[in-house]
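Descriptive analysis of the structure
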Amino acid sequence: MSDTTPPAGPPTRGMPVRRWLDRWLPKIALVPSGVALLVFVYGFIGWTIWLSMTTSSLLPNNTFAGLRQYEVLFQLDVWWVSVINLAIFGVLYVALCLAIGLFLAILLDQKIRAEGWLRTIYLYPLALSLVVTGVVWKWLLNPGLGLEHFVQSLGWTGFSFDWLVNPDMAIYAVVIAAVWQAAGFVTALFLAGLRGIDTSIIKAAQIDGASLPRVYLSIIIPSLRPVFFSAIILLVSLAIKSFDLVIALTGGGPGYSTWVPAIFMYDFGFNRGQIGLGAAAATLMMAAVALAMLPMLIAELKERRDGRKN
């Protein structure tokens, strides 16, 4: 049986060119997106920080003012109302999403019937935009049209649910709508984490006499620490950047009762012609998002360092 493999000859003239293209073409293809990222993301971040240290009002200018805009910002009561609202919204939003997401994921992990349909139902709100979510819940929570009107029409005339128009409760109405949309996504994260746990450990614990609740509390839930970590980082970032849901649901009202820093930044930067003050608020928001992402970066670097040592 003869060998039909052609003999190795000298390299052709096109081979170095092909090798060069294989090496550099992917890098060249990334140049436009890299330049766009550098200019339109990091460039505008730098410009925003610069504007926050100028006297810009109706139009941007380059008159350096140091930290004067931040001093004015910290003296405004409406800014602190926005910060307090963000703290209330963020804590409740993250806590409720984690609790509901974990509970639903544990239920789905029991291999119940119609699991695929239930996963679809839980994830459906995530497919809706925040504006649509805000409009839907604005109708549902409207005292004259939604839940209150429906219950009263059934005969419970004393029932009242006016959170949407109550300045003391309006921020909690925003929490309800936000949790409704994000809880399904957190459920999917926890369910993926549950399905990735080694079942042999669970079976060994059950053989030793551990009950199912004990297995979840002592073995399964502690094993989901990376999922908790990722979910918290994502939810905190979403909470800090919340804008369109609040605008669609309450418009920031009644009064300033549902203002958050993003609405403060938009209103002062674009509606009131205080660009420098709006840029200062935006810079503090960026700093808050960066601080929220910092633990994830530290954990990733530590994991890589430990992996190299092993």
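Residues numbered from 1 in each chain as written. Predicted model: local features only at pLDDT ≥ 70, side-chain atom pairs only at ≥ 80, totals over all residues. Heavy atoms only, no water.

1. Considerations on unusual backbone geometry
The omega angle of the peptide bond from Gly253 to Pro254 is -5°, so this bond is cis rather than trans. With respect to the helices and strands, Pro254 occurs in the loop between helix H11 (244-249) and helix H12 (261-271). (Helix = DSSP H or I, 4+ residues; strand = E, 2+ residues; numbered from the N terminus.)

2. Observations regarding the side chain of Gln69
Examined against the element boundaries, Gln69 turns out to sit in helix H2 (residues 68-75). The class of Gln69 is buried, set by a relative accessible area of 10%. Among the polar contacts made by the side chain of Gln69, one reaches the main-chain carbonyl oxygen of Thr54 at a distance of 2.9 Å. Once residues lying within four places of it in the same chain are set aside, the contact partners of Gln69 are Ser52, Thr54, Thr55, Ser56, Gly276, Leu277 and Ala280. (Buried < 20%, exposed > 50% of the residue type's maximum accessible area, 1.4 Å probe, protein only. Polar contact = N/O pair within 3.5 Å; in protein donor to acceptor, adjacent residues only side chain to side chain. Contact = heavy atoms within 4.5 Å.)

3. Section: the domain arrangement of the protein chain
As far as domains go, the protein chain holds domain 1 (6-51) and domain 2 (69-309). Distance between the C-alpha centres of domain 1 and domain 2: 38 Å. At the junction of the two partners, domain 1 supplies 4 residues and domain 2 supplies 6 residues. Across the domain 1/domain 2 interface, buried area totals approximately 390 Å², and carbon plus sulfur atoms make up 79% of it. Three residues, Thr48, Ile49 and Leu51, lead the burial of domain 1 against domain 2; their summed loss comes to 86% of the area buried on that side. The interface formed by domain 1 and domain 2 includes 0 salt bridges. Between domain 1 and domain 2 we count 0 residue pairs in polar contact (both at pLDDT 80 or more) in total. Broken down by class, the residue content of the side of domain 1 that touches domain 2 amounts to 3 nonpolar, 1 polar and no charged. (Domains from an automatic or database assignment. Buried area = accessible area lost by both parts, 1.4 Å probe. Salt bridge = Lys/Arg side-chain N within 4 Å of Asp/Glu carboxyl O. Nonpolar A, V, L, I, M, F, W, Y, C, P; charged D, E, K, R; others polar.)

4. Structural notes on the packing of helix H3 (residues 77-108) against helix H7 (residues 170-195)
Where H3 meets H7, the axes come as close as 6 Å, and the angle between the chain directions of the two elements is 40°. As the angle between them shows, H3 and H7 are arranged oblique. For the element pair H3 and H7, the recorded crossing hand is right-handed. Within the contact of H3 with H7, the residues separate by chemical class into 25 nonpolar, 3 polar and 1 charged. (Axes fitted to C-alpha atoms, helices over the stretch in contact; angles between N-to-C directions. Parallel < 35°, antiparallel > 145°, perpendicular 65-115°, else oblique. Left-handed = near helix turned anticlockwise from the far one by under 90°.)

5. Some thoughts on the layout of surface pockets
Within this model, the largest pocket holds a volume of roughly 470 Å³. Lining the largest pocket are 17 residues, and of these Thr48, Met265, Gly278, Ala282 and Met286 sit closest to its centre. Broken down by secondary-structure element, the contributors of at least two residues to the lining of the largest pocket are helix H1 (14-51), H12 and helix H13 (275-309). Ranked by residues supplied to the lining of the largest pocket, first place goes to H13 with 8 residues. Broken down by class, the residue content of the lining of the largest pocket amounts to 13 nonpolar, 3 polar and 1 charged. Shared between two domains, the lining of the largest pocket takes at least three residues from each, and those domains are domain 1 (6-51) and domain 2 (69-309). Estimates place the volume of the second largest pocket at around 270 Å³. Around the second largest pocket sit 15 residues that line it, and Tyr93, Leu130, Gln181, Ala182 and Leu238 are the ones nearest its centre. (1 Å grid on protein atoms, 1.4 Å probe; cavity = no way out; pocket = protein on both sides within 12 Å on 5 of 7 lines; lining within 4 Å. Points joined across faces, edges and corners; volume = space filled by probe spheres on them.)

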